Amino acid sequence: MTPPKSRKIAPSILSADFAHLADEIARVTEAGADMIHVDVMDGHFVPNFTIGPPIVKAIRKVTRLPLDVHLMMTNPDDFISDFIKAGSNYITVHVETCPHLHRMIQSIKEEGVKAGVTLNPATPLSSVEEILGEVDLLLIMSVNPGFGGQSFIPSILEKLRRARKMIDERGAKVELEIDGGIKVENVAAIAQAGADIFVSGSAIFQSKDYKDTIQKMRTAIG
Ligand code: DX5
Ligand code: ZN
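Here the structure is a predicted model, which is why all the values come from computation and not from measurement.

Focus: the sheet that holds strand 6 (residues 137-141)
Part 1: In spatial order, the strands read 1-8-7-6-5-4-3-2; together these eight strands make up an open sheet with parallel pairing. Edge positions in the sheet fall to strand 1 (8-11) and strand 2 (36-41), since each of these pairs with one other strand and no more. Ignoring strand direction, the axes of neighbouring strands in this sheet form an average angle of 25°.
Part 2: When strand 6 meets strand 7 (residues 175-179), the two strands line up parallel, connected through five bridges. Along strand 7, the bridge assignment pairs Ile140 with Ile178.

Describing the pattern of salt bridges
Part 1: For the structure shown, the criterion picks out eleven salt bridges.
Part 2: With a closest N to O distance of 3.1 Å, Glu129 and Arg170 form a salt bridge. Here the residue Glu129 occupies a position in the loop between strand 5 (114-119) and strand 6, and Arg170 occupies one in helix 5 (residues 156-170), the gap between them amounting to 41 residues.
Part 3: Across the salt bridge formed by Lys165 and Glu169, the nearest N and O atoms sit 3.4 Å from each other. With Lys165 and Glu169 both in helix 5, this residue pair falls four residues apart, about one helical turn. Exposure class is identical for Lys165 and Glu169. Each is exposed.
Part 4: Through salt bridges with shared partners, a single network forms among Glu158, Arg161 and Arg162.

Structural notes on the packing of aromatic side chains
Part 1: Scanning the model with the defined rule gives one aromatic pair in all.
Part 2: Consider the rings of Phe205 and Tyr210, whose centres lie 5.4 Å apart with planes at 75°: the pair is edge-to-face. Each of the two residues, Phe205 as well as Tyr210, counts as buried.
Part 3: Taking the ring centre of Tyr210 as reference, the NZ or CZ of Arg27 above it sits at 3.9 Å.

Details of the coordination of the zinc ion (ligand 2)
Part 1: With distances of 2.1 to 2.3 Å, the protein atoms coordinating the zinc ion (ligand 2) are His37 (NE2), Asp39 (OD), His70 (ND1) and Asp179 (OD).
Part 2: In this structure, the zinc ion (ligand 2) is coordinated by six donor atoms arranged in octahedral fashion, with angles at the metal of 71 to 171°.
Part 3: Mapped onto the polypeptide sequence, the residues donating to the zinc ion (ligand 2) form the spacing pattern H-x1-D-x30-H-x108-D. With His70 in strand 3 (residues 67-72) and Asp179 in strand 7, this pair connects stretches of sequence that are 109 residues apart.
Part 4: His70 sits in the buried class, given a relative accessible area of 0%.

Thoughts on helix 1 (residues 21-30)
Part 1: Residues of helix 1 that are buried include every one of Leu21, Glu24, Ile25 and Val28, and no others. Each buried residue of helix 1 lies within a common arc of 100° when the element is viewed along its axis, so the set occupies one face.
Part 2: Tucked inside the fold, the buried residues of helix 1 contact strand 1, strand 2, helix 2 (53-60), helix 7 (202-205) and helix 8 (210-221).

Quick notes on the rules
- Residues numbered from 1 in each chain as written.
- Chains lettered and ligands numbered in written order.
- Predicted model: local features only at pLDDT ≥ 70, side-chain atom pairs only at ≥ 80, totals over all residues.
- Heavy atoms only, no water.
- Pairing = 2+ DSSP bridges.
- Helix = DSSP H or I, 4+ residues; strand = E, 2+ residues; numbered from the N terminus.
- Axes fitted to C-alpha atoms, helices over the stretch in contact; angles between N-to-C directions.
- Salt bridge = Lys/Arg side-chain N within 4 Å of Asp/Glu carboxyl O.
- Buried < 20%, exposed > 50% of the residue type's maximum accessible area, 1.4 Å probe, protein only.
- Phe/Tyr/Trp six-rings, centres within 6.5 Å; stacked < 30°, edge-to-face > 60°.
- Lys NZ or Arg CZ within 6 Å of the ring centre and 35° of its normal.
- Donors = N, O, S within 2.8 Å, 3.2 Å for Na, K, Ca; no water.
- Tetrahedral: all angles 85-135°; square planar, octahedral: opposite > 155°, others 65-115°.
- Arc of directions from axis to C-beta.
- Contact = heavy atoms within 4.5 Å.

In structure tokens, the structure reads:
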């Protein structure tokens, strides 16, 4: 297996204190975060509701870190240009919501934004096989999307290994991201399975010392 070139930690602000978002982002930035993961939920594709383009725009003004925007919504087509204008650096859409995935990925990339595609735990990797050469990022969900603080689904480790293999065998320039249930205790095994980007919400934002937690994660992922 080709080792990933650079591994990144992406705190998910879903578990941050929304009343003090700028402070929370400053704290994880100071603690060594590589990017900020933003979970957009529409109360329809997932049973929860979070934030929209105005908040992404507000966050953009308070950080220089890349904004990794994860769209958990039924109709990303209708809002993609708003999330681009708001200052997203990465936009990731769920294959389950995109009948015209190729067109969606092209429209994101045409605007100079990195395009990602993501799969729910029960969605097979074969559903992204044909688009792999077009995307910048492949996000594997290791929980059912909708909430922070859930447990990592153990069988996803094997799916992650297969995703790594699929990317390497094709020589695709795709970053492999994992999202859900990632904490200090399991991040080493997840790194060994081949992830490049580690999203972590509750394990970071519910810890007392963000820097200590992120440093421990970084040591574990090598
Ligand atoms: C879940 C979200 C995740 C979530 C992860 O639907 O996509 O990004 O914030 O939270 P933790 O790390 O607490 O599982
Ligand atoms: Zn997410």
